[in-house]
Amino acid sequence: MMFKNLQTDRLLLRNIEMEDRDFIFHQFSNEIVNRFLFDAEPLTKLEQANEIIDFYIYPEPRLQHRWIVIQTTDNVKVGTCGFHCWNKNEGIIDIGYDLREEYWGKGYMHEALTEIINYAEEVMKVHEVRAIISVDNDKSIRLAESLGFKVAGTEYVLFRNEKYLHNIYSLTLSKGQMKKAL
Ligand SMILES: CC(C)(COP(=O)(O)OP(=O)(O)OC[C@H]1O[C@@H](n2cnc3c(N)ncnc32)[C@H](O)[C@@H]1OP(=O)(O)O)[C@@H](O)C(=O)NCCC(=O)NCCS
């Protein structure tokens, strides 16, 4: 199997499972978490969380994966992160991530993304990671830039008939780059 549970100093990154349904619903129905997520409507029904989980537990080989980010001191689920739109031929992949608001400001997502980007480079042989970020999503921009992502272009995302400007951030991986940061 390509996708494994991962461990960092403060976090367990555990492969998503059906039993995470309540957490996924909580996370993706939350107004604060969804504020800049213009690629999908916030969830309104618990069953919609099944669709998200089904997508990420589809039998391998698959082009997407999601980890649940768990604080190891007390096993609390604090967020999720993962990949989608894996272009295996070109070695390019999109990254996504979210934390519960109570856990912002601790460097948790920086820690989680450093680990999964290293995994993408070493195990998945990815050489470019992309993040599509709303130009108003200051925290996500700061996080991406702190990991070395650079703006490679822009695009509009259509949401409820409005166009929202996004930057396409790109991180080109050179050998062992994220490993040194671990
Ligand atoms: C994007 C998001 C994950 C960023 O969360 P975050 O906690 O700011 O991200 P980081 O893990 O990089 O933490 C950095 C913050 O922790 C602080 N910090 C504290 N201890 C730290 C440590 N040990 N290491 C690094 N940073 C630390 C930093 O100073 C910084 O704080 P600041 O925002 O006050 O400057 C969060 O805002 C979120 O979930 N948003 C909603 C979902 C979303 O928009 N996702 C992205 C879509 S593109």
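This write-up is about the structure you can find in this document. Since we're looking at a predicted model, the values are computed, not measured.

Our focus in this paragraph is the site of the ligand. The full set close to the ligand counts 20 residues, and Y97, L99, G105, M109 and R142 are the nearest of them. Between the ligand and the protein, one listed contact pairs an oxygen atom with a backbone N or O atom of G107 at 3.1 Å. A distance of 3.3 Å separates an oxygen atom of the ligand from a polar side-chain atom of K139. Relative to its unbound accessible area of 960 Å², the ligand is 70% covered by the protein chains. Taken together, the elements giving at least two residues each to the shell around the ligand come down to β5 (92-99), α4 (108-122), β6 (128-134) and α5 (138-146). The greatest single-element share of the shell around the ligand, amounting to four residues, is contributed by α5. In terms of residue class, the shell around the ligand is built from 10 nonpolar, five polar and five charged.

So, about α5. Listed in full, the buried residues belonging to α5 are S140, I141, L143 and A144. For α5, the buried positions fall inside an angular range of 160 degrees around the axis, keeping them on one side. Turned more than 90 degrees away from the buried face of α5, the exposed residues are D138 and R142. Looking one or two places after α5, you find G148, whose phi comes out positive at around 100 degrees.

Of all hydrophobic cores here, the largest spans 37 residues; its most connected members are I95, L113, I117 and F149. For this core, the secondary-structure elements that each account for two or more residues are β2 (11-15), β3 (65-71), β4 (76-87), β5, α4, β6, α5 and β8 (162-172). Here the element with the most residues in this core is α4; it accounts for eight residues. Residue contacts for I95: discarding those within four places in its chain leaves G82, F83, H84, L113, I116, I117, V129, R130, A131 and F149. Core analysis: the next-biggest nonpolar cluster, separate from the first, contains 10 residues, I24, F28, I53 and I70 among them.

Bringing the environment of G96 into the picture now. Mapped onto the elements of the fold, G96 is located in strand β5. G96 gets classed as buried once you look at its relative accessible area, which sits at 12%. As a C-alpha pair, G96 and H84 span 12 residues in sequence and 7.8 Å in three-dimensional space. In contact with G96, not counting residues within four places along its chain, are R66, T80, C81, G82 and H84.

Now for the packing of aromatic side chains. How two aromatic rings sit relative to each other is set out by the distance from centre to centre and by the angle between their planes. Under the defined criterion, the tally for this structure stands at eight aromatic pairs. Aromatic pair W67 and Y119: ring centres 6.1 Å apart, planes at 85 degrees, arrangement edge-to-face. Of the two residues, W67 sits in strand β3 while Y119 sits in helix α4, which places them 52 residues apart along the sequence. Residue W67 shares its accessibility class with Y119, and that shared class is buried. If you follow K88 out to its NZ or CZ, it ends over the ring of W86, 4.6 Å from the centre. Sitting over the ring of Y156, K163 keeps its end group 5.0 Å from the ring centre.

Reading the values: the criteria
- Residues numbered from 1 in each chain as written.
- Predicted model: local features only at pLDDT ≥ 70, side-chain atom pairs only at ≥ 80, totals over all residues.
- Heavy atoms only, no water.
- Near = heavy atom within 4 Å.
- Polar contact = N/O pair within 3.5 Å; in protein donor to acceptor, adjacent residues only side chain to side chain.
- Areas by Shrake-Rupley, 256 points an atom, 1.4 Å probe, with all protein chains shown as cover.
- Helix = DSSP H or I, 4+ residues; strand = E, 2+ residues; numbered from the N terminus.
- Nonpolar A, V, L, I, M, F, W, Y, C, P; charged D, E, K, R; others polar.
- Buried < 20%, exposed > 50% of the residue type's maximum accessible area, 1.4 Å probe, protein only.
- Arc of directions from axis to C-beta.
- Core = buried A, V, L, I, M, F, W, Y, C linked by side-chain atoms within 4.5 Å.
- Contact = heavy atoms within 4.5 Å.
- Phe/Tyr/Trp six-rings, centres within 6.5 Å; stacked < 30°, edge-to-face > 60°.
- Lys NZ or Arg CZ within 6 Å of the ring centre and 35° of its normal.

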